[in-house]
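The primary structure of each chain is shown beneath.
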Amino acid sequence: MTAFVGRGAELQRIRDMAEAVAEGRSRAITLVGEAGRGKSRLLAEAITGISLPSLVLRGYQMEEAVPFSAARSVLRHLGGMPGGSMLERLLMGDSPSPADPIRIFEAAHKCLTPLLPVLVVLDDLQWADRQSVALVHFLVRAAIAEEASLGLLVAARPGPAVTRLEESLRLLLGPDLQRVALDPLGREEGIELARSLDGGLTEEQ
């Protein structure tokens, strides 16, 4: 993993959000930037610096049409917890019915509830399958309905996927949803990053 350079303001906004969630208020942040802006690196740094437990979902370009592929590791983790036997059975069922997604959502929520407050992280939203994105939205909605506390941190490239999610989350969270646009690193930060990757470079080079 490369050295973490810059992004101090963005990192502080994430930590402030996590602190609010720990105090009992559901919140969400979307990190939006073009490829190469360091979204995944910022997520990794943010997770290590907060006290909340985190559950990480990740979209994969080659699996965006595979149901629950982005949420696979999280669902398996929740299914292995006490009370997760129903979720495990739904995930391993041989003949899923059209009603199974909502049953999976409900079972995952039941397993997640004892962990709250928690931070749910979704990286590469633009490649996440629609069932995993719907699951994330359901978990936020269920937490709000039950007056529980859940934080959502999403990283995405600009495009319709993040716009749709933001529009729906805004109805649930209002001003407690923030969009953070990731601009390119500044000149000094770029120099620092380059020299962290190649110690032989001088400042002038």
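Quick caveat, the model's predicted, so the values are computed rather than measured.

**Student:** Is there a simple way to explain the sheet that holds strand β3 (residues 118–123) in this structure?
**Tutor:** Two orientations exist for strands paired in a sheet by backbone hydrogen bonds: parallel and antiparallel. Spatially, the five strands line up as an open sheet ordered β2-β3-β4-β1-β5, and their pairing is parallel. Lying at the two open borders of the sheet, with one neighbouring strand each, are β2 (54–58) and β5 (177–181). On average, each strand axis in the sheet is inclined to that of its neighbour by 15°, with strand direction left out of account. Sheet topology note: the strand β1 (residues 27–32)/strand β4 (residues 150–156) ladder contains six bridges and is parallel. Paired with Val32 across the two strands is Ala156, which belongs to β4.

**Student:** Hey, could you run me through empty space enclosed by the protein in this one?
**Tutor:** Gaps left between atoms show up when a probe the size of a water molecule is rolled over them. Taken as a whole and judged by the stated rule, the model has one cavity of 30 Å³ or more. Computed from the structure, the largest cavity encloses a volume of approximately 40 Å³. If you trace the largest cavity, you find it lined by Leu55, Leu57, Val74, Leu78, Leu112, Val120, Leu135, Val136 and Leu139. Among the elements of the structure, β2, α3 (72–79) and α6 (130–145) are those that each provide at least two residues to the lining of the largest cavity. It is α6 that contributes the most residues to the lining of the largest cavity, three residues altogether.

**Student:** What's the story with the packing of α6 against helix α7 (residues 160–173) in this structure? I'm lost.
**Tutor:** Angle between the axes and distance between the axes are the two parameters that describe a pair of packed helices. Relative orientation of the contacting elements α6 and α7 amounts to 10°, with a least axis distance of 10 Å. In terms of their interaxial angle, α6 and α7 are classed as roughly parallel. On α7, the residues touching Val133, His137, Val140, Arg141 and Ile144 of α6 are Leu165, Ser168, Leu169, Leu172 and Leu173. Tallied by class, the residues present in the contact of α6 with α7 amount to seven nonpolar, two polar and one charged.

**Student:** It is not clear to me how the side chain of Asp129 should be interpreted in this structure. Could you clarify?
**Tutor:** Tracing the chain through its elements places Asp129 in the loop between β3 and α6. For the buried Asp129, no salt bridge is present, and the opposite-charge side chain at shortest range is Arg130, 7.7 Å distant. In this structure the side chain of Asp129 is engaged in a polar contact, spanning 3.0 Å, whose partner is the backbone nitrogen of Ala70.

**Student:** Explanation requested: the packing of aromatic side chains in the structure shown.
**Tutor:** Pairs of aromatic rings are described using the distance from one ring centre to the other and the angle between the two planes. Overall, the coordinates contain two aromatic pairs when judged by the stated rule. Ring geometry for Phe105 against Phe138: centres 5.4 Å apart, planes inclined by 40°, an arrangement best described as tilted. Here Phe105 is found in helix α5 (residues 100–112), whereas its partner Phe138 is found in helix α6, with 33 residues between them in sequence. By the burial criterion, Phe105 is buried, and Phe138 matches it.

**Student:** Would you mind going over unusual backbone geometry with me for this structure?
**Tutor:** When glycine is set aside, most residues are seen to have a negative phi, and most peptide bonds are trans. The omega torsion across Leu116 and Pro117 is 0°, close enough to zero to call that bond cis. Within the fold, Pro117 resides in the loop between α5 and β3. In the Ramachandran plot, Glu147 falls in the positive-phi region, its phi being about 55° despite a non-glycine side chain. Mapped onto the fold, Glu147 is located in the loop between α6 and β4. Its relative accessible area of 74% is what places Glu147 among the exposed residues.

**Student:** Which parts of the structure should I look at to understand the pairing of β4?
**Tutor:** Regular strands show a simple pattern: their side chains alternate between the two faces of the sheet. Most of β4 is tucked away, with seven of its seven residues classed as buried. Because side chains alternate across β4, one face comprises the buried residues Leu150, Leu152, Val154 and Ala156, and the other comprises Gly151, Leu153 and Ala155, equally buried. In terms of handedness, the path from β3 via α6 over to β4 forms a crossover that is right-handed.

**Student:** Sorry, what's going on with α3 here?
**Tutor:** All of the buried residues in α3 are Val74, Leu75, Leu78 and Gly79. End-on, the buried residues of α3 take up no more than an arc of 130°, which puts them together on one face. Buried residues in α3 make contact with β2, α4 (85–92), α5 and α6.

**Student:** Explanation requested: the packing of α5 against α6 in the structure shown.
**Tutor:** Closest axis-to-axis distance for the α5/α6 pair is 10 Å, and the angle between their directions is 50°. In terms of orientation, α5 lies oblique with respect to α6. Along this stretch, α5 crosses α6, giving a crossing that reads as right-handed. Contacts from Ile102, Phe105, Glu106, Ala108, His109 and Leu112 of α5 reach α6 at Gln131, Ala134, Leu135, Phe138, Leu139 and Ala142. The class makeup of the residues in the contact of α5 with α6 is nine nonpolar, two polar and one charged.

Calculation rules
Residues numbered from 1 in each chain as written. Predicted model: local features only at pLDDT ≥ 70, side-chain atom pairs only at ≥ 80, totals over all residues. Heavy atoms only, no water. Pairing = 2+ DSSP bridges. Helix = DSSP H or I, 4+ residues; strand = E, 2+ residues; numbered from the N terminus. Axes fitted to C-alpha atoms, helices over the stretch in contact; angles between N-to-C directions. 1 Å grid on protein atoms, 1.4 Å probe; cavity = no way out; pocket = protein on both sides within 12 Å on 5 of 7 lines; lining within 4 Å. Points joined across faces, edges and corners; volume = space filled by probe spheres on them. Parallel < 35°, antiparallel > 145°, perpendicular 65-115°, else oblique. Contact = heavy atoms within 4.5 Å. Nonpolar A, V, L, I, M, F, W, Y, C, P; charged D, E, K, R; others polar. Buried < 20%, exposed > 50% of the residue type's maximum accessible area, 1.4 Å probe, protein only. Lys, Arg positive; Asp, Glu negative; His and termini not counted. Salt bridge = Lys/Arg side-chain N within 4 Å of Asp/Glu carboxyl O. Polar contact = N/O pair within 3.5 Å; in protein donor to acceptor, adjacent residues only side chain to side chain. Phe/Tyr/Trp six-rings, centres within 6.5 Å; stacked < 30°, edge-to-face > 60°. Right-handed = clockwise from strand over helix to strand, strands pointing away. Arc of directions from axis to C-beta. Left-handed = near helix turned anticlockwise from the far one by under 90°.

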